[in-house]
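# Descriptive structure summary
Here's the letter readout for the chains.
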Number of protein chains: 2
Amino acid sequence: MYRTHNCGQLRMEHIGQEITLSGWVQTNRDLGQMSFVDLRDRYGITQLAFNVDSDADLHEASTKLRREYVIKITGTVRERSSKNSKIPTGNIEIDVTSLEVLNEAKTPPFTIENETDGGEELRMKYRYLDLRRKPIQENIIFRSSVAIETRKYLAEQDFIEVETPVLIKSTPEGARDFVVPSRMNKGQFYALPQSPQTFKQLLMVSGFDKYFQIVKCFRDEDLRADRQPEFTQIDCEMSFVTQEQILQTFEGLTKHLFKVCMDVELGDFPRMTYDEALQKYGSDKPDTRFGMEFVELNEVAKGHDFPVFDNAELVVGICAKGQADSYSNKDIKKLTEWVQRPQVGAKGLVYIKYNADGSFKSSAGKFYNDEQLAAFATAFGAEKGDLMLILCGETDKVRSQLSDLRLEMGDRMGLRIQGEFNPLWVVDFPLLEWDEDADRFHAMHHPFTSPKKEDIERMLTGDHETMKALRADAYDLVMNGWEIGGGSIRIYDRALQEKNFKLLGFTDEEAEEQFGFLMGAFEYGAPPHGGIAFGFDRLVSIMKGAASIRDFMAFPKNNQGRDIMIDAPANIDQTQLEELTLKILPLEK
Amino acid sequence: MYRTHNCGQLRMEHIGQEITLSGWVQTNRDLGQMSFVDLRDRYGITQLAFNVDSDADLHEASTKLRREYVIKITGTVRERSSKNSKIPTGNIEIDVTSLEVLNEAKTPPFTIENETDGGEELRMKYRYLDLRRKPIQENIIFRSSVAIETRKYLAEQDFIEVETPVLIKSTPEGARDFVVPSRMNKGQFYALPQSPQTFKQLLMVSGFDKYFQIVKCFRDEDLRADRQPEFTQIDCEMSFVTQEQILQTFEGLTKHLFKVCMDVELGDFPRMTYDEALQKYGSDKPDTRFGMEFVELNEVAKGHDFPVFDNAELVVGICAKGQADSYSNKDIKKLTEWVQRPQVGAKGLVYIKYNADGSFKSSAGKFYNDEQLAAFATAFGAEKGDLMLILCGETDKVRSQLSDLRLEMGDRMGLRIQGEFNPLWVVDFPLLEWDEDADRFHAMHHPFTSPKKEDIERMLTGDHETMKALRADAYDLVMNGWEIGGGSIRIYDRALQEKNFKLLGFTDEEAEEQFGFLMGAFEYGAPPHGGIAFGFDRLVSIMKGAASIRDFMAFPKNNQGRDIMIDAPANIDQTQLEELTLKILPLEK
């Protein structure tokens, strides 16, 4: 028996009891006559006391305990003379009568405290030690609780969790598929799923009605800041539903998770069309914790011989409330450089200050008189003390640039408040996205997304320009500037699916080879259906207000897709390669 | 809105209500003046009635509905004139007022009924149709309920579900690893986990204390009868526990699952040592639904000039109660041929019939007189009418052969009763298994299993013969002749782990390269820990008394590891291969 209680359990009511605890040595203070050891496990910390007068050998042994030693002690619970109100066990301590060292520990390469001195690479190499730190351990435990609550909620709503296969088939759009050579089918490969999309649709064809799965997905892509080659989705699909019912169901799930796991009440989620989101925020995933909405200025800006504005497709700006005084010429210059960085890509920045004394100051002052600048202020709804920031250019690009600037100003002005959660449904996405460079359409959501009912006829018969205007029953759940979920009503008709593949540049043969099983299934009684997938790693990281999903994965990979703790990926044996009939080609110089 | 209710929901209390249902046409009976359609969804079947007199066009339309059409109807609930007590909705029917065909259906390639006429390959190709059949759909739903109950139970016991990585590293013992070439780390490979073993141990080193995960595992091996390349485990690990506490915890889980999901009360699980299981049943996973225990017969059998017995290491038999009369000479001959099949491999079979009149008849009758045959009967505890079946040979082999015969006799005698569940803990497994052919040890459980405490010293210092006798804190949970779970107390000391790797034939360098991270972790304060893993697919199939785990997987693969519905594995593009710097070698002739 290693313990009768855990290290977070003992209270005043246990005083006088003989107990056994096991755990890790957190700290060890030797005060000469007495030594005190803080014993730690997942559940808490309990103070152990060793007294020279009671047992000199035991006291001596206790002074040799070093940080992270694993020990087992037996002793009696007693009231502390100096209580610690910061921890639940702070009223008691253990008068230790026996001590056993279960395992020693070398000095950890970084301190195992809430704040650590370890760099990221070092902490990833010793991930099992980093996971001992309370903030990280709490993240992983929190993730576990969100998962179980998700399952309970969906199970209560008659959803069935079905495991779909991990070893599937590579798709032609699957340049980012991980592939898996088969030993039994030499020269052939499985692929790891980027999502269980086609399988969940088949489950609807099978009549499962309501499916979900918390499931690992895989993408072999260059890892930008916060992507991982393997990630987890809450994947869901429903039959005989409208978009409205899907939104209601998963708004319900999201509210439930925030309530149960965070004690946060989310009100009803606002909705916004894709077009409106782009017009107001320049983004299909706006952070709506703050306003600072875009103001389109073509009317007031153009026709005043300012060629930069006159030649632009769109002049658009934001109004930073009360910031006129805070930005010196030098600050404005820095901000201009900030928007000109390649990551943002604006050509320049025009500002108008509405000074406290009612005067205006602007970098475009020589093209506009005070009355004309006042017209800008009116358009912005600006008041004295406000700073107007204006960009111009091609509509899509300038909106994206101004979105970056808006978020930056939101950060600087402290408007993106930690612990505040602003969910938003973005709806009515375009079905297709025209790729000018590749001279082809991409699916905005994915190739299985249905156009809106009223657009189906136009899709089957319309011309190229018509296709650009098609709207889909597709929706994203956005929170605080992040997409946390996205889904759509699906196509369930073979002819429409064939048409969509054709629009996306598939030949009939390619469509049949890759998705023949799905189109076949549509011929045997496929019900109307739709679904959604949540990025589970992202969801939990946003709930906790954390920047990185890595902090919520037990064993994440680094930016090169490497697990540096186990050192994977790695070379494999030549015999293994031969069994797979594979040869590694030399790298080109 | 596709429906106000589902097809299993409506009762007498709904009579008079206007409702909308959607679902699949199960059957369609046209009686001239009336037609009746059974409408099906996951929840049940509701009868729809169409009357020529009410609406001739609608009736006409209804007669054109074919099986598996997807339709939506609106109508009024009314009492049936002829009720069907077999289904919960059997008291009512729908007087249909409007009908919409949502999707047509071709004639399915096999009938979608509880009993189908489809062959296995056909049903796998159209798995989405097979999944519409009630028995299969119920299996998948049952699996889902067992999973959620497992999670609820373990979460209530403070277990944390932690997702471990799927992209890990290939191990030297990993000839059966699936590998995954990395595009970002060219020439290197990830491997898919055969189990999350090392990660769950690291989580114990991290202090997670109680871990579980329902997790996909992978093995690229020749697929025997009922194996799948991807399968699911309930994977668990605990810190600061004894073997006893692990057995108690997971006996509790198993009882809970049977109670909640099956309404079956399992009593306390008996325990048996590995040695006893082999001696009594010739197997470490005995079916204990019936007795027919082995009786060792060297004492009565030897020394009577019957060279077959005299030269055998072990003479051992079973007593088939009341079977003397049932086995003619011809039957005995057939049974002898059965044990001589290569799958069993016995050289021959000796029988002794204890006839109803008290006489004996035996194929070894010329070596034993009646008194000597009576001594066999005494050893067996045989009564008049019993049939004694005796094999002999090398101990290990003859036990395995007799185990096969015992199970066969159990089947023939109807002793392996469906719906009866006999759990058994098999404990005290050997640590190592000597492989005569390869001249090396294998780990009986896996290389991380701890020897029993009392055997540690012998393991660190003993000679070769000592190693063969080492016992491990390893245990299997067996039910009805299947292993449904297995686990062990783990090594948590670097020196002991190094010794174990050495015994298993690893060089120091190999051990370090493959498992250096784990042995390193043992140096930073590793707690005593142990765990277990349940074969989840097997567990649910046994609970339902089914023969094959495939019936409990939504999308299983066939014996060649192929998903014949999506046609995977498949060839991949040359460009994909080039990105991975791989070349496929021509197959050897």
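Residues numbered from 1 in each chain as written. Chains lettered and ligands numbered in written order. Predicted model: local features only at pLDDT ≥ 70, side-chain atom pairs only at ≥ 80, totals over all residues. Heavy atoms only, no water.

## Some remarks on the nonpolar core
So the rule is basically this: The definition of a nonpolar core used throughout is a set of buried Ala, Val, Leu, Ile, Met, Phe, Trp, Tyr and Cys residues joined through side-chain atoms within 4.5 Å. Relative accessibility under 20% of the residue-type maximum defines a buried residue, over 50% an exposed one, and the middle range a partly exposed one, all with a 1.4 Å probe and only protein chains included. Residues are treated as being in contact if the distance between any of their heavy atoms lies within 4.5 Å.
Counting residues in hydrophobic clusters, the biggest one holds 133 residues, and the most contacted among them are A:Y128, A:L192, A:L203, B:Y128, B:L192 and B:L203. With residues near it in sequence (within four places) discarded, B:L203 still touches A:L131, A:A554, A:F555, B:V162, B:T164, B:F208 and B:Y211.

## Thoughts on the domain arrangement of chain A
Selection rule: Where a domain begins and ends is set by an automatic assignment or by a domain database.
Each assigned domain of chain A is listed here: domain 1 (12–103), domain 2 (135–267 + 534–577), domain 3 (290–412) and domain 4 (423–527). Here the C-alpha centroids of domain 1 of chain A and domain 2 of chain A sit 43 Å apart.

## Quick look at the sheet that holds strand 3 (residues 44–51) of chain A
The pairing of strands in a sheet comes from backbone hydrogen bonds and takes either a parallel or an antiparallel form. Residues and elements named next belong to chain A. We count it as follows: Whether two strands pair depends on DSSP finding at least two bridges between them. Put simply, DSSP marks the helices as runs of H or I at least four residues long and the strands as runs of E at least two long, and each gets a number from the N terminus on. Note on method: axes are straight lines fitted to C-alpha atoms, helices fitted across the in-contact stretch only, with angles between N-to-C directions ranging 0 to 180 degrees.
Read around the closed barrel, the 5 strands follow the order 1-2-3-5-4; overall the barrel is mixed. Averaged over all adjacent pairs, the angle separating strand axes in this sheet is 55 degrees, with direction ignored. The pairing of strand 3 with strand 5 (residues 92–103) spans 2 bridges and is parallel. Among the inter-strand pairings, A49 is bridged to a residue of strand 5, identified as D95. Across the sheet, helix 1 (residues 56–63) touches strand 1 (18–30), strand 2 (34–41), strand 3 and strand 5, and the angle it forms with strand 5 is around 65 degrees.

## So, the packing of aromatic side chains
Heads up, the condition is: When two rings of Phe, Tyr or Trp (its six-membered ring) have centres within 6.5 Å they constitute a pair, described as stacked for plane angles under 30 degrees, edge-to-face for angles over 60, and tilted for the intermediate range. Here, a charge over a ring means that NZ of Lys or CZ of Arg falls within 6 Å of the ring centre while also lying within 35 degrees of the ring normal.
Summed over the entire model, instances satisfying the criterion amount to 48 aromatic pairs over all chains. Between A:Y368 and A:F376, the aromatic rings sit 5.2 Å apart at their centres with planes inclined by 90 degrees, giving edge-to-face as the arrangement. Grouping residues by exposure puts A:Y368 and A:F376 together as buried. On the basis of an interplanar angle of 75 degrees and a centroid distance of 4.8 Å, the ring pair of B:W434 and B:F441 is categorised as edge-to-face. Owing to a relative accessible area of 23%, B:W434 belongs among the partly exposed residues under this scheme. Judged by relative accessible area, which is 3%, B:F441 ranks as buried. Through a chain of ring-to-ring contacts, the aromatic side chains of A:F306, A:F309, A:F367, A:Y368 and A:F376 assemble into a single cluster. When the ring centre of A:W482 is taken as reference, the NZ or CZ atom of A:R538 above it lies at 3.7 Å.

## Digging into empty space enclosed by the protein
Over the atoms rolls a probe the size of a water molecule, and in doing so it shows where empty space is left. Selection rule: A 1.4 Å probe that fits but cannot get out identifies a cavity on a 1 Å grid over protein atoms alone, an open set with protein on both sides within 12 Å along at least five of seven lines counts as a pocket, and a residue lines either if it has an atom within 4 Å of a point. Grid points are joined across faces, edges and corners, and a volume is the space filled by probe spheres set on the points. Amino acids are sorted into nonpolar (Ala, Val, Leu, Ile, Met, Phe, Trp, Tyr, Cys and Pro), charged (Asp, Glu, Lys and Arg) and polar (every other residue, Gly among them).
What the rule picks out here adds up to 9 cavities of 30 Å³ or more. Reported here for the largest cavity is a volume of approximately 490 Å³. A:I214, A:V215, A:K216, B:I214 and B:V215 are, among the 33 residues lining the largest cavity, the residues nearest its centre. Broken down by secondary-structure element, the contributors of at least two residues to the lining of the largest cavity are helix 4 (134–156) and strand 9 (210–218) of chain A together with helix 4 (134–156) and strand 9 (210–218) of chain B. Split into classes, the residues belonging to the lining of the largest cavity amount to 15 nonpolar, 8 polar and 10 charged.

## Some words on the interface of chain A and chain B
To keep things clear, this is the line we draw: Here the buried area means the combined drop in accessible surface, using a 1.4 Å probe, for two parts upon being joined, counting both sides. What makes a salt bridge here is a side-chain nitrogen of Lys or Arg within 4 Å of a carboxyl oxygen of Asp or Glu, nothing more. Pairs of N or O atoms are called polar contacts if they sit within 3.5 Å, as long as, within protein, a hydrogen donor faces a hydrogen acceptor (for residues adjacent in sequence, only side-chain-to-side-chain pairs).
The partner chain B presents 124 residues to the 124 residues of chain A that form the contact. Summed over both partners, the interface of chain A with chain B buries about 11,200 Å², with 60% contributed by carbon and sulfur atoms. For the chain A face of the interface with chain B, the top three residues by lost area are A:E163, A:F240 and A:Y524, together amounting to 8%. For the pair chain A and chain B, the number of links is 12 salt bridges. When the shortest N-O distance is used, the salt bridge between B:E579 and A:R176 registers 3.8 Å. Across the chain A-chain B interface, the total number found is 63 residue pairs in polar contact (both at pLDDT 80 or more). With 9 residues, helix 4 of chain A is the single largest residue contributor to the side of chain A that touches chain B. Of the residues assigned to the side of chain A that touches chain B, the class counts are 65 nonpolar, 27 polar and 32 charged.

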